[in-house]
Amino acid sequence: MDMEQDILCTKKRVIWGCLIGAVVLIFVPILLFAGYFYYQTEIKERTLIVSHSPNGANTIEIAEKGEPAFFGPSSVRIKYQNDHIDQSISNDGKTLDDSNTSIKWESNDTALITLEGEEQFPETFVFNKKNRKFFKNVQIQVDSNTLLTSESPDHKKIIELREITRSQGQKPNRLLRIYYGEKGSKLTKYKEYNQLDRSYEADQLRVEWTNNTQASIRIFTDSDVDSVQIAFNKQL
């Protein structure tokens, strides 16, 4: 009986050993792959840009964290000393390079940081060494495109319609700005129209002069027509 029990125990140990070995062979590669994937997509850092202040006292570094997974956004870390913020850049799943980032120093203690991608508006941050929080997301104008100009009947006044593109932040990212003033002068007065969340086209716009000092801007949308009234002799 003792011999039979020994044989039975030996068989059980062999079976359990085979099962454990199979589990190890199956799950260890999976765990190794998962760990490698996590490191590649979440932990690994690759420096994109390092920028020093004009006096060399302050340094900002922007690094890509991991790699984009399945055409998703890329993660980036903006670092100053022991502080950092994490952001993302939508770049169609492509690996980032220094063209996706820029740092412009405005003084030895302040800088404007811009992140850009193929599938997003630029995103801007202000670095200020004197603030409790070094990095602050801000919205600035990044582009201006003149779509249409129109002169008054007496050719003394002018209206200029420009599409303004802002960096990411407060909506909208695109808006229509209607400048007006004396012809030949620097146009500083304007009204803004920001009802459309898309690009504007010149054929959507029309300027109708009522007289030499009043005009109506007609804006044709997909389903309606909006209007903005301009009065040159009215104080802002």
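As a reminder, the structure under discussion sits directly above these lines.
**Student:** Teacher, can you tell me more about the overall build of the protein here?
**Tutor:** A count of helices and strands for the protein gives 1 helix and 15 strands. The long-range share in the protein, meaning contacts at least 24 apart out of those at least 6 apart in sequence, stands at 42%. A total accessible area of about 14,900 Å² is found for the protein, and carbon and sulfur atoms account for 51% of it.

**Student:** Please explain the sheet that holds strand β4 (residues 83–89) as it appears in this structure.
**Tutor:** In a beta sheet, neighbouring strands pair by backbone hydrogen bonds and run either parallel or antiparallel. Strands sit in the order β1-β2-β3-β4 across an open sheet of 4 strands; the sheet is antiparallel. Whereas interior strands pair on both sides, the edge strands pair on one side only; in this sheet they are β1 (45–52) and β4. Mean inter-strand twist for the sheet, computed between neighbouring axes without regard to direction, equals 20°. Pairing between β1 and strand β2 (residues 59–65): 7 bridges, direction antiparallel. Within β2, the residue paired with Val 50 across the bridge is Glu 61.

**Student:** Even after reading the chapter, I still don't get the packing of aromatic side chains, so can you show me in this structure?
**Tutor:** Aromatic ring pairs: the centre-centre distance and the angle between the two ring planes describe each pair. All chains considered together, the criterion is met by 9 aromatic pairs. Their ring planes at 45° and their centres at 6.1 Å tell us that Phe 127 and Phe 134 sit as a pair that is tilted. The two residues Phe 127 and Phe 134 agree in class, both being buried. With 5.7 Å between their ring centres and 20° between their planes, Trp 209 and Phe 232 make a pair best called stacked. Note that Trp 209 is positioned in strand β13 (residues 205–209) and Phe 232 in the segment after β15 (225–231), a separation of 23 residues in sequence. Each of the two residues, Trp 209 as well as Phe 232, counts as buried. Among the aromatic residues, those joined into a ring-pair cluster are Tyr 80, Trp 105, Phe 127, Phe 134 and Phe 135. Across from the ring centre of Tyr 179, 3.9 Å away, lies the NZ or CZ of Arg 162, which sits over that ring. One Lys or Arg, Arg 177, reaches over the ring of Tyr 190 and ends 4.4 Å from the middle of that ring.

**Student:** What am I meant to see in the pattern of salt bridges here?
**Tutor:** Oppositely charged side chains can form a pair if their charged atoms are brought close together. What the rule picks out here adds up to 13 salt bridges. Note that Arg 218 is salt-bridged to Glu 208, the shortest N-O span being 4.0 Å. Of the two residues, Arg 218 is situated in strand β14 (residues 214–220) and Glu 208 in strand β13; the sequence distance between them amounts to 10 residues. By relative accessible area, Arg 218 is classed as partly exposed at 30%. A relative accessible area of 32% places Glu 208 in the partly exposed class. Among the charged side chains, a network of salt bridges with common partners joins Glu 45, Glu 61, Arg 77, Lys 79 and Asp 86.

About the thresholds
- Residues numbered from 1 in each chain as written.
- Predicted model: local features only at pLDDT ≥ 70, side-chain atom pairs only at ≥ 80, totals over all residues.
- Heavy atoms only, no water.
- Helix = DSSP H or I, 4+ residues; strand = E, 2+ residues; numbered from the N terminus.
- Contact = heavy atoms within 4.5 Å.
- Areas by Shrake-Rupley, 256 points an atom, 1.4 Å probe, with all protein chains shown as cover.
- Pairing = 2+ DSSP bridges.
- Axes fitted to C-alpha atoms, helices over the stretch in contact; angles between N-to-C directions.
- Phe/Tyr/Trp six-rings, centres within 6.5 Å; stacked < 30°, edge-to-face > 60°.
- Buried < 20%, exposed > 50% of the residue type's maximum accessible area, 1.4 Å probe, protein only.
- Lys NZ or Arg CZ within 6 Å of the ring centre and 35° of its normal.
- Salt bridge = Lys/Arg side-chain N within 4 Å of Asp/Glu carboxyl O.

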